[in-house]
Amino acid sequence: MAIQWQKTWISDERYESASVCDVDGDGHLDIISGAFWYQGPDFRRKHYIGPVAQEGEYYDDFSTVLLDITGNGTLDYVTGGWWGNCLRWREHPADPTQPWPEHILWQNTGNVETTRGWDIDGDGVIEIVPNTPPNATVSYYKLRTDASGRGTGAFDRIEIYTFAEGTQGHGLGCGDIAGNGRMDIVLCHGWLEAPVDSAHGKWIWHGEFANAPWGSMASIPMLVVDVDGDGRNELITGNAHGYGLWWSKRATDGTWVHHPIDLGNAQYHDLHWVDIDGDGHCEIVTGKRHRAHNGNDVGEWDDVGIYYFNWSGESFVKQIVDYGPIGRGKGCGIHFAIADLSKNGRLDIVAPGKDGLYVFVNLGSAHGK
């Protein structure tokens with residue numbers, strides 16, 4: 001049975017990124033999005049974090065990656081955007097209802113499409129990994145820690161690969177493709193095989209996606225997951241600025257077979273792989289990024305929606321969370337969040353975007369799951 005959802009308006013703010021954590025330590029999850037955080041459990045009170053630079057229809061705020069950067073036990077967050085050419089972080093203050101100080105994590109990163117956090121080196125702490133499409137160099141940023149393992153507020157830049165020709169392009173993922181337990185990096189045209197020492201070893205480029213159906217506009221993330229349960233990871237990729245969503249399987253000779261999941265919807269920019277329906281198996285959760293290029297993308301004026309896709313054992317089956325004409329249906333921005341907001345064991349969806357900030361409360365199926 002399909003899940004029933006309760007669509008709840010939170011704000012008309014048009015920031016495209018959100019994350020969820022217990023900001024004020026009261027035991028309820030809160031939402032952080034753009035210049036504000038919204039106090040749980042009902043999210044009706046919003047508190048000012050600080051100014052966010054605006055660029056036309058955009059805000060220079062394309063991620064909300066949570067990390068205890070100062071080592072004091074509270075979560076700060078990392079953001080960045082296309083125009084600022086830097087990564088920034090906001091410091092969780094002692095009184096979170098007061099403005100959050102902003103710091104430059106790294107200057108001159110290049111245009112940041114969006115950022116994700118993955119534990120590249122396996123030490124239990126995420127690294128900050130931005131997608132900077134015009135750049136030839138692929139880098140990640142490692143938090144410096146003290147002798148007790150706590151964050152110090154400073155980062156080191158680890159440059160892992162530079163293309164002699166071309167750039168890294170639009171698209172980013174992370175996971176074990178080589179089958180050796182390491183965290184490889186995926187880009188729109190291929191993948192970088194991780195060495196034993198991710199910071200000092202040699203990363204190997206596999207340019208295996210030259211003819212992939214998503215072209216030069218892959219989603220962020222490109223999911224690296226075991227779709228069919230054979231013990232090897234596959235790839236799930238959306239077209240972030242055009243039509244299509246695919247899952248891809250790699251043969252032992254390095255060739256990939258790309259299987260369509262949904263070719264009728266556009267702007268699949270952000271993807272999650274979670275057990276949204278509580279059946280013990282993960283599903284794809286994704287949707288359209290409304291006005292991703294301000295009305296200039298293919299499919300921009302199509303109906304907008306959020307969906308999840310169940311794996312049937314042979315293919316994916318699409319389920320609708322929300323769908324409708326622009327102004328009625330809801331998209332999911334560039335960095336949306338999934339969490340159990342109501343503490344009932346079911347995962348809810350936090351959907352920011354230029355079409356406002358909404359929560360989709362997971363009511364379960366008719367059978368009560």
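That block above? That's the structure.
Residues numbered from 1 in each chain as written. Predicted model: local features only at pLDDT ≥ 70, side-chain atom pairs only at ≥ 80, totals over all residues. Heavy atoms only, no water.

## Notes on the overall build of the protein chain
- For the protein chain, the helix and strand inventory stands at zero helices and 30 strands.
- Computed over C-alpha atoms, the radius of gyration of the protein chain comes to 20 Å, within 12% of the 21 Å expected from 2.2 N^0.38 for 369 residues, which places it in the range of a compact globule.
- Expressed as lengths along the three principal axes of its C-alpha atoms, the size of the protein chain is roughly 55 × 50 × 40 Å.
- Out of the 369 residues in the protein chain, the part that is buried amounts to 56%.
- Put simply, the protein chain shows about 14700 Å² of open surface, and 49% of that area lies on carbon and sulfur atoms.
- Once the 27 positive and 51 negative side-chain charges of the protein chain are each reduced to a mean point, those two points are 3 Å apart. (Helix = DSSP H or I, 4+ residues; strand = E, 2+ residues; numbered from the N terminus. Rg over C-alpha atoms; globule rule 2.2 N^0.38 Å. Buried < 20%, exposed > 50% of the residue type's maximum accessible area, 1.4 Å probe, protein only. Areas by Shrake-Rupley, 256 points an atom, 1.4 Å probe, with all protein chains shown as cover. Lys, Arg positive; Asp, Glu negative; His and termini not counted. Charge placed at Lys NZ, Arg CZ, Asp CG, Glu CD.)

## Regarding the sheet that holds strand β17 (residues 184-187)
- Strand order in the open sheet formed by four strands is β16-β17-β18-β19, with antiparallel pairing between adjacent strands. Looking at which strands have only one partner, the edges of the open sheet turn out to be β16 (173-175) and β19 (204-206). Mean inter-strand twist for the sheet, computed between neighbouring axes without regard to direction, equals 20°.
- Where β16 lies against β17, three bridges are found, and the strand directions are antiparallel. (Pairing = 2+ DSSP bridges. Axes fitted to C-alpha atoms, helices over the stretch in contact; angles between N-to-C directions.)

## What about the sheet that holds strand β21 (residues 234-238)?
- Strand order across the open sheet formed by four strands is β20-β21-β22-β23, with antiparallel pairing between neighbours. In this open sheet, the two edge strands, each paired with only one partner strand, are β20 (223-225) and β23 (256-266). Going across the sheet, the axis of each strand differs from the next one's by a mean of 20°, ignoring polarity.
- Sheet topology note: the strand β22 (residues 243-250)/β23 ladder contains seven bridges and is antiparallel. Looking at β23, one finds that W246 is bridged to P260.

## Some thoughts on the nonpolar core
- Counting 18 residues, the largest nonpolar core has V20, I31, Y38, F43, L341, V350 and V359 as its most contacted members.
- Those elements that place two or more of their residues in this core are β4 (36-39), β28 (337-339) and β30 (357-362).
- Considering every element that reaches this core, the biggest residue donor is β30, with three residues.
- Those residues in contact with Y38, other than ones at most four positions away along the chain, are I10, S11, E13, D30, I31, S33, F43, R45, K46 and L357.
- Counting 16 residues, the second largest nonpolar core, distinct from the first, contains I120, L187, W203 and I220. (Core = buried A, V, L, I, M, F, W, Y, C linked by side-chain atoms within 4.5 Å. Contact = heavy atoms within 4.5 Å.)

## Structural notes on the environment of N344
- For N344, the location among the structural elements is in the loop between β28 and β29 (348-351).
- In this structure N344 comes out as partly exposed when scored by relative accessible area, which is 34%.
- Distance from N344 to L363, taken between C-alpha atoms, is 9.5 Å for residues 19 residues apart in sequence.
- Only 2.9 Å separates the side chain of N344 from the backbone nitrogen of R346, close enough to count as a polar contact. (Polar contact = N/O pair within 3.5 Å; in protein donor to acceptor, adjacent residues only side chain to side chain.)

## Comments concerning the pattern of salt bridges
- Counted according to the given criterion, the structure contains 23 salt bridges.
- For K249, the salt bridge identified is with D228, shortest N-O distance 2.9 Å. Highlighted residues: K249 in strand β22 and D228 in the loop between β20 and β21, separated in sequence by 21 residues. (Salt bridge = Lys/Arg side-chain N within 4 Å of Asp/Glu carboxyl O.)

## Quick look at unusual backbone geometry
- Following G40, the chain continues to P41 via a peptide bond in cis, the omega torsion being 10°.
- By the secondary structure assignment, P41 is in the loop between β4 and β5 (45-48).
- In this structure, the amide linkage connecting I220 to the following residue, P221, adopts the cis form with an omega of 10°.
- Relative to the elements of secondary structure, P221 occurs in the loop between β19 and β20.

## Some remarks on the pairing of strand β26 (residues 304-311)
- Extensive coverage of β26 is indicated by the burial of seven of its eight residues.
- Two elements, strand β25 (residues 283-288) and β26, share four bridges in a ladder whose sense is antiparallel. Each bridged residue has a counterpart across the sheet, and for I284 the counterpart in β26 is F309.
- Taken together, β26 and the strand that follows it, strand β27 (residues 316-324), pair antiparallel across an intervening segment of four residues, in which G313 is found at a positive phi of about 105°.

## Quick look at the packing of aromatic side chains
- Taken as a whole and judged by the stated rule, the model has 21 aromatic pairs.
- Ring geometry for Y77 against W100: centres 6.0 Å apart, planes inclined by 55°, an arrangement best described as tilted. Of the two residues, Y77 sits in strand β9 (residues 76-80) while W100 sits in the loop between β10 (86-90) and β11 (102-107), which places them 23 residues apart along the sequence. Summarising the burial analysis for this pair, Y77 and W100 share the class buried.
- Grouped by ring-pair contacts, the aromatic residues F209, W214, W246 and W256 constitute a single cluster.
- For K46, the ring lying beneath its charged end belongs to F36, and the centroid distance is 4.3 Å.
- When the ring centre of Y58 is taken as reference, the NZ or CZ atom of K354 above it lies at 3.7 Å. (Phe/Tyr/Trp six-rings, centres within 6.5 Å; stacked < 30°, edge-to-face > 60°. Lys NZ or Arg CZ within 6 Å of the ring centre and 35° of its normal.)

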